[in-house]
Amino acid sequence: MTITIVTSGITVIEDIGRYEYAHLGVPVSGAFDKLSYALACNLINETNTPVFEILRGPFQLMTDAAILLSVVGDARVSIDGAVSSVNSGFVLESNKSLSVIPRLGAPVYLAIKGLLAPAVLGSASHDTLSNLGPEPLKNGESFETQELDRNDPAIGSFISTLPKSVSTELRYIPGPHSLDVAGSWRVESIARSGVRLSSPQPLQNTASALASFPVMPGAIQVPPSGLPVILGPDCGVTGGYPVAGVVIDADLHKLARLSNGTSISLIPLTKEQAEQAASALAKAIANAITRPSDLGSW
Amino acid sequence: MKAKLSQYGEHSVLLEEFEGFPFVWVESLEKHFPTAKVKVGLESLVLTFSDHSDHISLVEALLPVVENTAVIRNSKLVEIPTEYSGEDLELVAKTLGLSVAQVIAEHSQTLWTVKLIGFAPGFPYLVPSAGTTVLSSIGRLAIPRTKVPAGSIGIAAGMSCVYPSEMPGGWHLIGQTTIRLFDASNSSKPTLLAIGDQVKFVELSK
């Protein structure tokens, strides 16, 4: 059971991340768009499995045996040149090639049942900042996978209701430092370590550097320039700039879906509202997928 | 324990303005908040919970019984063989009005404590275990280096550090060690140093 990367594009391996080593300075890392990641895993009936995060195409792989896989995101997908569908779990037969071309800048997730990827510090995630985990994919590289079970109930699963997500609205809990970042900002650049924002009116009276304190993905750092940086999954574990707020869990996936030059709104929220948003998203993820067995009684 | 508390995202509380090194509170905080992860800053602590309950009230209620353990269990003394040949050694000496030998003596005779591991995997922030150092008037470089070699020993803002791997950095470099501080392949013990450890730099004879 070997799959071979014919054309890697810009692709990294990611899973849920490294959560147990923050006290040793190790970033969390993990999938940038955790919503698409969760859906890609669910489609093949897996959790926290290593997947391919395709940041730029064209991406193409070949398999020497039938495999179960899913593709989630905005992409053109084809099998041996024939257009195929995204947002479903399907079998790629042996000696077929799968091609994935992301349409926008947003990462696309390709999950393969039983993909074996080496774990470093408990995770197979590639950390772009600390250079931990498997290297970005290379042309010609190959991976072992588990043998396909033709009775796998995940075969033929599809996303029937994509969870609603307005990617230009990022909701956050204000604090711990008093800096008002609410309102409209322009996306300057996007990386797994963080998203830089700009504005003709940078924040004024920003504090100088503070004693380094723990930071986390979603933290809205405000450097002396007054132009915020929203930290991404590969951010360091500590930082010395004031933090104006933290993007809520339910909106973290949107960081990966932003486009350069577009306008976004930062919207302050209460903790209660964040909790509601988190449970709404969890429910939407749980209800997103239909399996063939769900249709049996129709 | 007495501390200033602030909400920090939907799951965390930031603790500031308390007495003592942050790490001396970790053990007791972990005991009283078994569902929280305790993260350490240079002068702060963060408690991260997984639920959405009223964490500030919870922390406020239990804080008075949180004790300073003062001593860290299993902390160790680590000697770091050092070649004092850093690119900024002469600049540091000149800025302080000291000889290079005096700078080396000050750095190598100070007993350092690992106050925090942050910034990058295995990167230790070392502070004098007692008092301050005459090196403390040295700040960070105005323009950080884009590449600092692994094993470089730096000083800045009264602290010292050892770069565990090659990375950008803004500390003044005064020495170099061949000791490896971070090994990602060792998942049970990836770093040589742990928070609370004591460090002594030992000058290698030339």
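Residues numbered from 1 in each chain as written. Chains lettered and ligands numbered in written order. Predicted model: local features only at pLDDT ≥ 70, side-chain atom pairs only at ≥ 80, totals over all residues.

Colleague: Would you mind going over the overall build of chain A with me for this structure?
Modeller: Each helix and strand counted, chain A has three helices and 22 strands in total. Against the globule reference of 19 Å for 298 residues, chain A gives a C-alpha radius of gyration of 20 Å, in line with a compact fold. Considered along the principal axes of its C-alpha atoms, chain A spans approximately 60 × 45 × 35 Å. Residues classed as buried in chain A amount to 51% of the 298 residues present. (Helix = DSSP H or I, 4+ residues; strand = E, 2+ residues; numbered from the N terminus. Rg over C-alpha atoms; globule rule 2.2 N^0.38 Å. Buried ≥ 20, exposed ≤ 12 C-beta atoms within 10 Å, placed from the backbone.)

Colleague: How should I be thinking about the interface of chain A and chain B in this particular structure?
Modeller: Where the parts come together, the accessible area they lose is often given as the size of the interface. With 29 residues of chain A at the interface, the matching set in chain B holds 27 residues. Contributing elements (two or more residues each) for the side of chain A that touches chain B: β16 (213–214) and α2 (271–288) of chain A. Class assignment of the residues belonging to the side of chain A that touches chain B gives a composition of 17 nonpolar, nine polar and three charged. (Contact = placed C-beta atoms within 7 Å. Nonpolar A, V, L, I, M, F, W, Y, C, P; charged D, E, K, R; others polar.)

Colleague: Would you explain the domain arrangement of chain B in this entry?
Modeller: All names here are of chain B. Considered domain by domain, chain B is made up of domain 1 (4–65) and domain 2 (77–203). Computed from C-alpha atoms alone, the centre-to-centre distance between domain 1 and domain 2 is 29 Å. Taken together, the contact pairs five residues of domain 1 with five residues of domain 2. Here the side of domain 1 that touches domain 2 is composed, by residue class, of four nonpolar, one polar and no charged. (Domains from an automatic or database assignment.)

Colleague: Where do I start with the nonpolar core in this structure?
Modeller: In summary, soluble globular proteins display a tendency toward joint burial of nonpolar side chains. If you look at the biggest cluster of nonpolar residues, it comprises 138 residues, and the most contacted ones within it are Ala40(A), Leu69(A), Val100(A), Leu110(A), Ala111(A), Tyr172(A) and Ile220(A). Considering every element that reaches this core, the biggest residue donor is helix α1 (residues 34–43) of chain A, with seven residues. (Core = buried A, V, L, I, M, F, W, Y, C linked by C-beta atoms within 7 Å.)

Colleague: Sorry, what's going on with the sheet that holds strand β3 (residues 37–40) of chain B here?
Modeller: Pairing between the strands of a sheet comes from backbone hydrogen bonds, and it takes one of two forms, parallel or antiparallel. Residue and element names in this part refer to chain B. Strand order across the open sheet formed by four strands is β1-β2-β4-β3, with antiparallel pairing between neighbours. The sheet is open, and its two edges are formed by β1 (4–8) and β3, each paired on a single side. On average, each strand axis in the sheet is inclined to that of its neighbour by 25°, with strand direction left out of account. Judged from the five bridges that link them, β1 and strand β2 (residues 12–16) form a sheet pairing that is antiparallel. Bridge pairing in β2 links Leu-5 to Leu-15. Packed on one face of the sheet, helix α2 (residues 55–62) meets β1, β2 and β4 (44–48) and runs near 155° to β1. (Pairing = 2+ DSSP bridges. Axes fitted to C-alpha atoms, helices over the stretch in contact; angles between N-to-C directions.)

Colleague: Where do I start with the pairing of β4(B) in this structure?
Modeller: Every other side chain in a regular strand lies on the same face of the sheet, so the side chains alternate between the two faces. Residue and element names in this part refer to chain B. For β4, the buried fraction is high: four of the five residues fall into the buried class. One ladder, built from five bridges, connects β2 with β4; its direction is antiparallel. In the sheet register, Leu-14 faces β4, and the bridge partner there is Val-46. Note: β3 against β4, four bridges, orientation antiparallel. Across the sheet, residue Lys-37 finds its bridge partner in β4, namely Thr-48. Between the end of β3 and the start of β4, which pair antiparallel, lie three residues.

Colleague: Would you explain the environment of Trp112(B) in this entry?
Modeller: Residue and element names in this part refer to chain B. On the secondary structure map, Trp-112 appears in strand β6 (residues 112–117). The exposure class assigned to Trp-112 is buried, which follows from the 23 C-beta atoms found within 10 Å. Not counting residues up to four positions away in its chain, the partners in contact with Trp-112 are Leu-126, Val-127, Pro-128, Ser-129, Ser-160, Gln-198 and Val-199.

Colleague: How do you make sense of the environment of Gly261(A) when you look at a structure like this?
Modeller: Residues and elements named next belong to chain A. Along the chain, Gly-261 falls in the loop between β20 (243–247) and β21 (263–268). The spacing of Gly-261 and Leu-197 is 64 residues in sequence and 9.3 Å in space, taken between C-alpha atoms. Residues within four places of Gly-261 in sequence aside, it is in contact with Arg-186 and Val-187.

Colleague: Help me understand unusual backbone geometry in this model?
Modeller: With the exception of glycine, the majority of residues adopt a negative phi angle, and the majority of peptide bonds are in the trans configuration. All names here are of chain A. Looking along the chain, the bond that leaves Gly-57 and enters Pro-58 is cis, with omega of -5°. Along the chain, the position of Pro-58 falls in the loop between β3 (51–56) and β4 (59–63). The omega torsion across Gly-175 and Pro-176 is 5°, close enough to zero to call that bond cis. Located in the positive-phi region is Asn-48, a residue other than glycine, with phi close to 45°. By the secondary structure assignment, Asn-48 is in the loop between α1 and β3.

Colleague: Can you help me understand α2(A) in this one?
Modeller: Because each turn of an α-helix spans 3.6 residues, side chains separated by three or four positions end up pointing in the same direction. Compared with the 26 Å implied by 1.5 Å per residue over 18 residues, the 25 Å span of α2(A) between its first and last C-alpha is a close match. Where α2(A) is buried, its residues meet α1, β12 (158–159), β13 (169–174) and β22 (289–290) of chain A. (Expected span 1.5 Å × (residues − 1).)

Colleague: Could you clarify how one ought to interpret the sheet that holds strand β6 (residues 75–79) of chain A in this entry?
Modeller: All names here are of chain A. Across the sheet, six strands lie side by side as β7-β6-β9-β4-β1-β11; this open sheet has antiparallel pairing. Either end of the sheet is taken by a strand with one partner, and the two such strands are β7 (82–84) and β11 (142–144). Along the sheet, successive strands turn relative to each other by an average axial angle of 25°, direction set aside. Strand direction decides the pairing type here: strand β1 (residues 2–7) and β4, joined by four bridges, are antiparallel. Among the inter-strand pairings, Ile-3 is bridged to a residue of β4, identified as Thr-63.

Colleague: In this structure, what is going on with the environment of Leu129(A)? I would like to understand it.
Modeller: Residue and element names in this part refer to chain A. Its place among the elements puts Leu-129 in the loop between β10 (108–112) and β11. Put simply, Leu-129 and Ala-75 are 54 residues apart on the chain and 26 Å apart in space, counted from C-alpha to C-alpha. Residues in contact with Leu-129, not counting those within four places in the same chain, are Pro-27, Ser-193, Asp-234 and Gly-236.

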